[in-house]
Amino acid sequence: VRAVRLTAPLTIDGVLSEAVWQSTPPVTRFLQRDPQEGATATEQTVVYLVYDDAAVYIAARLFDSAPDSISARLARRDNQVSSDRFMVFLDPYHDRRTGFYFGINVAGTLYDGTLYNDDWDDDTWDGVWEAKARRDSVGWTLEMRIPYSQLRFQKGEHHVWGVDFKREISRKNEEDYLVFTPKNGSGFVSRFVELVGIDEVKPPARLEVLPYVTGRTELLNHTPGDPFNDGSRFRGGVGADLKVGLGSNLTLDGTVNPDFGQVEVDPAVVNLSDVETFYPEKRPFFVEGANIFNFGFGGANNYWSFNWGNPDFFYSRRIGRAPQGSLPSATYSSVPPATMILGAAKLSGKFGNGWSLGTLSALTDRERARLENGSGGFTAEVEPLTYYGVLRTQREFGEGRQGLGMISTLTVRRLDDPALRDQLNSNAIGAGVDGWSFLDRNKMWVVTGWAGASRVAGTRQRISDLQQNSVHYFQRPDASEVVLDTTRTALTGYAARVYLNKQRGDWRLNAAVGLITPGFDVNDLGFQFRTDQLNGHIAGGHRWTRPSRHFRQVSLDGAVFRNYDLGGDLIGAGFFQTGNMQFLNYYNLRWFAAYNPETLDNRFTRGGPVAVSPSGVEWDMGVDSDARKNLIVGLSVHGTQYRLGSNNGWSLSPSLEWKPASSLSIRFEPSYERSRTSAQYVTTVSDGFATATFDHRYVFADLNQTTLSANIRVNWIFSPKLSLELFAQPLLSAGDYRHFKELARPKSYAFNQYGTGGSTIQQATDAYGTITYTADPDGNGAASAFSFDNPDFNLASLRGNAVLRWEYLPGSTLYLVWTQNRSDDLNQGDFHFRSSFNRLLDAKADNVVALKLSYWWSP
């Protein structure tokens, strides 16, 4: 593709009236990837590309034999909808692995993002550029203006970039490319054709400033007499984001007092496990460009895993998290909902010969809780002043055939308050190296791997607690590979994983082996939920990518996997089969089935001895209708069946999306789940007479749980720059605990039920209705009775928000956000929809209305 220099100004209005579009050599040869791979496009597309000293310009004439049938649906920026669309992909570095994409649909919705790892894309980057589209009697047209300030490229007199174009015709489910990746192939950016002719253009100096002001009114549920909360509160703030180009290749992003009020609320969950809930990052400053910090993923485009707790060295939600310190006893308290980020900065880009760089530094403020105990007020520090740092570098060789990189993370806390020194790590360091290498000229086989180490330091009490938390469980009495050491002031460990992937052709292969030692811990700035693991799998499958008489494409895959702890116990194994099929009418069917034989479970007793994990099966099946239609339906069914009742249940999740107009969509996704386990963990009690289970009694119960929830979304798009989005998640969940019992002996799934064999259990209710159980393991014997609270629960919750977004100028946005949270919980285990729903309606709500106005400025 040859670009032509522009000699006269252009008006970006979507009308190809300027003379330059008639004199520029067009690109016209487009081929289908769908539905007929390799066939000539059914409709003619003509693309032009010109440039000047400030920007690249793309225009396209998209002919259509049925212009009245063109699908033109409005959507908020980057939201995928069923609509005709045109995309341009650019590789300005010409490294054949990274780049940018820009697109527009017929209704004027813009799309943009970054390309990385040759095959992957990320839509979290929002550039400041222009595009307009127009419909006419023979199809539609478009014009784009992409400033060089939004791209990254090397200095030089004569530039050679990579380029590709894509057209989507919604009603035909057709995708046309200048050059495409075969359905049984891999690699996208590496296939781009060369874009030549852009001469005597210099990367511009880049400076973008985004100041903003916020206002926030809170109407909160409160307790009468609470001195810290009278039911209403107003907060205001100012801040700014900054983007500065350092030379032609590096970009510095900074933020001062960032506000994330426009972010959608996290969904409510009922978590009865010992594993922390993972929430995806949604805050714009951390989301944009986050892929540069991806570690351990490069070269390959598929990273299967089974029962493998892959650690993330960098989990940005640790920055600005809710304060972690415990509170002293007090009648009333007021704790900041999040830690203030005083400032944060990112430096990213490419330099030299194949080098890429990403760094992030953030400083969070010291936070104090306000408390009142009846005789006076006081404060307590609940989060110290903390520095977070991440450094990521990578070098590519041989046009991306090999790569080698490293990552390091650092967390340093200023623990001036003695109470926090035993609760938080004083500092934490993580470091790792990763890389990949293709094994053949056609990039069919690739090996990818990483290895890392960590060191966490703190007081003796803190490191002792860290060894015993749910990530490590060093206190396990029958573990040969770990020993609890209460004198330690640091914890170290390492981890590694290697993948082998065949990613081209109809037959696929994926295999991996990984190791995490017991002392590895990156949770101060990363995310992991387990250690002490040796894991491996082998998976393979076949793809049928050409349409037949019954389907358009089919994929079948199977795998076998095994897990051991470093003491040699088999803690996981299974056989897995999955597949998906697209029918001729564009309905999609997907499924999986797994069989897990009997193994051992070293987390079942939450720090106690190993127990047996019974064998069983798990399955899932789902179907979705044609996404092009105005009414889309789906259904997903999931089930589990394990021996001895250890994990039995099913769930039903239908979905319905209705698009009554081109600017409006309503999606309703309810879910109903019933589950039963014969051994839900309740508590651990010390007892020297429990010699069979190492002087502790590990208490369990049967649990019957019912959960009804829904995700409700309404998107009303008034124009490509003005939208209203509503999200609501009602959730009703009840858990009924019965037949309390204790583990009879290690390496078994046998229990001694209280109330049988000479043991007793009694229930008592106090004046406030609180239920307590008292169990005596041997009746009148030597063992002491112990008590525990009734663990039954009945939760009714509603979370939701409405976001009005107006991009009143390019890059400048006004947000008006209303958020509501309400909940009610009882110590009752029976599920009754009507009473739970009425409780939810009667529950007092927290309402927050926030306004954020930002203004984008660039010289």
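Here, every reference points to the structure presented above.
Draft legend 1. Quick peek at the overall build of the protein. Scanning the protein for helices and strands turns up five helices and 46 strands. Compactness check: the protein gives a C-alpha radius of gyration of 29 Å against a globular reference of 29 Å for 859 residues, within 12% of the reference. On the principal axes, the C-alpha backbone points of the protein span a range of 100 × 65 × 55 Å. In the protein, buried positions account for 51% of the 859 residues. Excluding contacts between residues fewer than 6 apart, the proportion of contacts in the protein whose partners are at least 24 apart in sequence is 65%. Taken as a whole, the protein presents about 37,300 Å² of accessible surface, with 55% of it coming from carbon and sulfur. Put simply, the protein has 86 plus and 95 minus side-chain charges, and the middle of one group is 4 Å from the middle of the other.

Draft legend 2. Looking closely at the packing of aromatic side chains. Taken as a whole and assessed by the stated rule, the structure comprises 46 aromatic pairs. Between F297 and Y303, the aromatic rings sit 4.9 Å apart at their centres with planes inclined by 90 degrees, giving edge-to-face as the arrangement. For F297, a relative accessible area of 27% translates into the label partly exposed. The exposure class assigned to Y303 is buried, which follows from its relative accessible area of 16%. With 6.0 Å between their ring centres and 75 degrees between their planes, Y754 and F786 make a pair best called edge-to-face.

Draft legend 3. Spotlight on the side chain of S797. Assignment of secondary structure puts S797 in strand 44 (residues 793–809). The exposure class assigned to S797 is buried, which follows from its relative accessible area of 5%.

Draft legend 4. The sheet that holds strand 42 (residues 771–776), seen in detail. With antiparallel pairing, three strands are arranged side by side in an open sheet as 41-42-43. At either end of the open sheet lies a strand with only one pairing partner, and these are strand 41 (760–765) and strand 43 (786–789). Here the strands of the sheet are splayed against their neighbours by 25 degrees on average, with no regard to which way each runs. Bridge analysis of strand 42 against strand 43 gives four bridges, and the strand direction is antiparallel. If you follow T772 over to strand 43, its bridge partner there is D789.

Draft legend 5. The pattern of salt bridges, seen in detail. All told, the structure shown has 49 salt bridges when counted by the stated rule. Linking E381 and R366 is a salt bridge whose minimum nitrogen-to-oxygen distance equals 3.3 Å. In this pair, E381 sits in strand 21 (residues 377–383) while R366 sits in the loop between strand 19 (355–364) and strand 20 (367–372), placing the two residues 15 residues apart along the sequence. Overall, E381 belongs to the buried group, its relative accessible area being 5%. Taking relative accessible area as the criterion, R366 reaches 27% and is therefore assigned partly exposed. By sharing partners, the salt bridges in this structure join E43, D64, R167, R171 and K172 into a single network.

Draft legend 6. Spatial organisation of the environment of I292. With respect to the helices and strands, the residue I292 is situated in the loop between helix 2 (284–287) and strand 17 (332–334). Overall, I292 belongs to the partly exposed group, its relative accessible area being 22%.

Draft legend 7. The arrangement of the environment of G38 in detail. Note on placement: G38 falls in the loop between strand 2 (31–34) and strand 3 (45–51). Residue classification places G38 among the partly exposed residues on the basis of a relative accessible area of 39%. On a C-alpha basis, the gap between G38 and Y303 in space is 28 Å, while along the polypeptide they are 265 residues apart. Look past the residues within four positions of G38 in its chain and what remains in contact with it is L31, Q32 and F180.

Draft legend 8. Representation of the side chain of S636 within the structure. Structurally, S636 can be placed in strand 35 (residues 631–642). Residues contacting S636, with those up to four places away along its chain left out, are R590, D620, M621, G622, S651, L652 and S653.

Draft legend 9. The pairing of strand 5 (residues 85–91), seen in detail. For strand 5, the tally of buried residues reaches seven of seven residues, placing the bulk of the element in the interior. Residue alternation in strand 5 divides its side chains into two sets, R85, M87, F89 and D91 and F86, V88 and L90, and both sets are buried. Where strand 5 and strand 6 (residues 99–105) come together, six bridges link them in antiparallel fashion. Of the residues in strand 6, the one forming a bridge with M87 is G103. Examined bridge by bridge, strand 5 and strand 11 (residues 158–169) share seven bridges and lie antiparallel to one another. Paired with R85 across the bridge in strand 11 is E168.

Draft legend 10. Structural context of unusual backbone geometry. Residue P35 is bonded to the preceding D34 through a cis peptide linkage, with omega at -5 degrees. By the element assignment, P35 lies in the loop between strand 2 and strand 3.

Draft legend 11. Spotlight on the sheet that holds strand 20. Strands sit in the order 17-20-21 across an open sheet of three strands; the sheet is antiparallel. Bordering the open sheet on either side are strand 17 and strand 21, each of which pairs with just one other strand. Each neighbouring strand pair of the sheet contributes to a mean axis angle of 25 degrees, computed without reference to strand direction. Sheet topology places strand 17 next to strand 20; three bridges connect them, and they run antiparallel. By the bridge assignment, Y332 is partnered in strand 20 with E372.

Draft legend 12. Representation of helix 5 (residues 833–842) in the model. Those residues of helix 5 lying buried are S836, R839 and L840. The buried residues of helix 5 occupy an angular sector of 100 degrees when the element is viewed end-on, so they sit on one face. Of the residues in helix 5, the exposed ones pointing more than 90 degrees away from the buried face are R834, L841 and D842. On the buried face of helix 5, the contacting elements are strand 39 (722–743), strand 44 and strand 45 (812–826).

Draft legend 13. Representation of the environment of F153 within the structure. Position of F153 among the secondary structure elements: in the loop between strand 10 (139–147) and strand 11. Classification of F153 as buried rests on a relative accessible area of 1%. For the pair F153 and Y93, spaced 60 residues apart in the sequence, the C-alpha separation amounts to 5.0 Å. Every residue in contact with F153, bar those within four places of it in the chain, is listed here: P92, Y93, Y148, H159, W161, V201, K202, P203, S248 and N249.

Draft legend 14. A look at the pairing of strand 15 (residues 232–246). Examined bridge by bridge, strand 14 (residues 207–219) and strand 15 share 13 bridges and lie antiparallel to one another. Residue pairing for strand 15: E208 is matched across the bridge by K243. Bridge count between strand 15 and strand 16 (residues 250–256): seven bridges; the pairing is antiparallel. Looking across to strand 16, one finds that V244 is bridged to L252.

Draft legend 15. The nonpolar core, seen in detail. Core analysis: the largest hydrophobic core is formed by 38 residues, its most contacted members being I58, F86, F102, M144 and F165. For this core, the secondary structure elements donating two or more residues are strand 3, strand 4 (55–63), strand 5, strand 6, strand 9 (130–136), strand 10, strand 11 and strand 13 (193–199). Every residue in contact with I58, bar those within four places of it in the chain, is listed here: W21, V47, Y48, L49, F86, V88, L142, E143, M144, I146 and F165. By size, the runner-up hydrophobic cluster in this structure holds 21 residues, among which are F313, L360, F520 and L525.

Draft legend 16. Molecular detail of a nonpolar patch on the surface. Side chains of M340, L342, L363, Y387, L410, V412 and I429 sit close together on the surface and give an oily, nonpolar patch of about 520 Å² of accessible area. Tracing the backbone shows I429 in strand 24 (residues 427–438). Judged by its relative accessible area of 44%, I429 falls in the partly exposed class.

Rules of the game
- Residues numbered from 1 in each chain as written.
- Predicted model: local features only at pLDDT ≥ 70, side-chain atom pairs only at ≥ 80, totals over all residues.
- Heavy atoms only, no water.
- Helix = DSSP H or I, 4+ residues; strand = E, 2+ residues; numbered from the N terminus.
- Rg over C-alpha atoms; globule rule 2.2 N^0.38 Å.
- Buried < 20%, exposed > 50% of the residue type's maximum accessible area, 1.4 Å probe, protein only.
- Contact = heavy atoms within 4.5 Å.
- Areas by Shrake-Rupley, 256 points an atom, 1.4 Å probe, with all protein chains shown as cover.
- Lys, Arg positive; Asp, Glu negative; His and termini not counted.
- Charge placed at Lys NZ, Arg CZ, Asp CG, Glu CD.
- Phe/Tyr/Trp six-rings, centres within 6.5 Å; stacked < 30°, edge-to-face > 60°.
- Pairing = 2+ DSSP bridges.
- Axes fitted to C-alpha atoms, helices over the stretch in contact; angles between N-to-C directions.
- Salt bridge = Lys/Arg side-chain N within 4 Å of Asp/Glu carboxyl O.
- Arc of directions from axis to C-beta.
- Core = buried A, V, L, I, M, F, W, Y, C linked by side-chain atoms within 4.5 Å.
- Patch = residues over 30% accessible without salt bridge, like charges linked within 9 Å, V, L, I, M, F, W, Y side chains within 5 Å.

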